[in-house]
Structure formats: structure tokens, C-alpha cells
Amino acid sequence: MKANSLPKFLIALLLLTLTTSFSTLFASVSIEYKVKDFSLGRKTWDEFNITFNIQNVISKNNNINPDSYKIEMIGEDGTVLRTVNNKKVFTIEDKNLGSGEKLTFRFTAEIKGETVTLDRIDYASQKSIIIDNEINLPIENHISVGDVKLACKLMRTKFKNSNKWEVVGTFSDVAVSLFVSNGNANDYVEVPLNKKNTEFDLAQYKYFDDLKMQMERDLRKTNNAVVKYYFQFNWDRNVYIVDGGSKNINVGENLEYAVVKKYSTDIQKLVTPNTYTNGNSISASAE
């Protein structure tokens, strides 16, 4: 008695399916190409050019032309900031990058169904801010109404000459806040500034009562108090903090005004390139 057997067409179909599956499996794991070299050239802070060499690892042939390729510029926080397709020359906006920010340039090529990549590392320019400010803060038993005049320039080192600087932005390019604090406090009253010359009333802003109480306590105890100022500049993705100066207020000498005048500085190194991590970080909370 013959054993039961599959019809021939089912056997043929099963063999075809198995063959296709194995072919797909081996095709998906085969690596026939690799990026043998990817070079990143830089003409200025903003201008780049690339060269690359794709090799067939089986035949050892070099300079294989890919079907397509792209360059991705990835910021220090992992954000893809720029993508360039099928171009060997491209530009970026270095002025909007963090001071000395680490940049990853990822070359990705597609060739005959395979994807190959290689990374190169470069850095954004070093940045600094020059500020020239004058702050008048009237005192009537406590500080409240004042005015500020502010000029600022965002600077970066010149390309291939770190001893020289160039201007890449001014007040109109950034969002600026003034932080006012008692000298010993860790909490600040934040005053947004929307123009170069502006009046402000600290009493309108959150946590002023805490600042007022601390100032009055110092004046009663020692007839002396300290007002400190910081400027925060929001530039594109980056937050920069710059010391705006401080003023000793002596009740015996000056009952009406605390004036910080012309804190014009040499180029200040930024306190922070991207995030403010100093232990004395600015906070707008009194809690």
C-alpha cells in the first residue's frame, strides 16, 4: 500500500516558497558595500565640501557611484539640524549653533538596495557676547520702577583665527530678559526686554514681593543692600547668561537711586553654550 503523498504542484509551491524565503534572508544580511572614506572639508564656519569613497567589499572595487546620498548635521542634543541631498558642497548657519557645539555629520548612501553610513565630527565656532548696559532702579523704601538701556553684540571667533572676533548678531536678533536679585538670593525677578531702551516695574512680575522683603531686611539691618543683574539671551536653540553687574546701595549715601552705569566689557566668555548648568543657576522661582 502506497503512503499518502502531497500533490506535485504543492511540493513545487513549497520548494519555491522556501527558496524565496532563504534568498530574502541572505539578501537582507549580505553586506556588499561599505563607505571606505568620508572626508569633510571646511572653507568657512558656514561652508563645507565632502568627498567619499564607496567600496565593493567583495570585488574590492573603489569609487562605486551610489544611487543617492545625503548629509545630516546632528546637533549635540541629537536634533537633526540640516539635511543635504546629493550635494558635495553645502552651507550651514553657524551663528545659530551653540558656542563650540559638537556636530555630527552623517553620510548615508543608498546603493543597490543597501544603506551604508559613516560619521565625522566637527564643532561650531566659539561665541561670546559684548554688553553695554545702564540700569536705573529708583528706591522708595523698596525697589520697584526702573529703566534699562542695553546694547549687545553676539560675537564669534574668526575662522582659523581664534584670537580675533566678528559680529554675527545684535539685540534685534535675540530675545532678552533682565534678571534682578538681592545679592545673597538665589531667586530672581525676570523682566522681559522687548527693545533696547525700556522702563519696567518690578512689582508687576512674579516673586517681586520676595525680593522686596529681602532688600528691606538688608537695608534695616546694615543700611546696605546689593542688587545684582544678569541678562539672559535666547538665541535660536541656545540660552546664554551674561553677568550684567551689581550695585551696592547705601541708605546713608543714596536714598533715591541705585544706578548701574556703563558696564561695558571686553568680550565675555559665555557662561553657557546651550544649557545653564552652573550650581548658581538662575531661577525665577522663590520656592
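To start, this report covers the structure provided alongside it. (Residues numbered from 1 in each chain as written. Predicted model: local features only at pLDDT ≥ 70, side-chain atom pairs only at ≥ 80, totals over all residues. Heavy atoms only, no water.)

### Observations regarding helix 2 (residues 208-222)
Then step 1. Taking 1.5 Å of rise per residue, 15 residues should cover 21 Å, and helix 2 covers 21 Å from first to last C-alpha, within 8% of that figure.
Then step 2. Of the positions making up helix 2, those classed as buried are F208, L211, M215, E216, D218 and L219. End-on view of helix 2: buried residues confined to an arc of 160°, all on one side of the axis. Among the exposed residues of helix 2, those oriented more than 90 degrees off its buried face are D209, R220 and K221.
Then step 3. Summarising the contacts, the buried residues of helix 2 are in contact with strand 11 (175-182), strand 12 (189-193), strand 14 (224-235) and strand 15 (238-250).
Then step 4. Within two residues after helix 2, N223 carries a phi angle of roughly 60°, on the positive side. (Helix = DSSP H or I, 4+ residues; strand = E, 2+ residues; numbered from the N terminus. Expected span 1.5 Å × (residues − 1). Buried < 20%, exposed > 50% of the residue type's maximum accessible area, 1.4 Å probe, protein only. Arc of directions from axis to C-beta. Contact = heavy atoms within 4.5 Å.)

### Re the sheet that holds strand 5 (residues 89-91)
Then step 1. As summarised here, the arrangement of the 3 strands in space is 1-2-5, forming an open sheet in which the pairing is antiparallel. Edge positions in the sheet fall to strand 1 (33-42) and strand 5, since each has one partner strand and no second. Looking at each pair of strands side by side, their axes are set apart by 30° on average, direction ignored.
Then step 2. Two strands pair when backbone bridges link them, and strand 1 and strand 2 (residues 47-56) are joined in this way by 9 bridges, in the antiparallel orientation. Within strand 2, the residue paired with D37 across the bridge is N53. (Pairing = 2+ DSSP bridges. Axes fitted to C-alpha atoms, helices over the stretch in contact; angles between N-to-C directions.)

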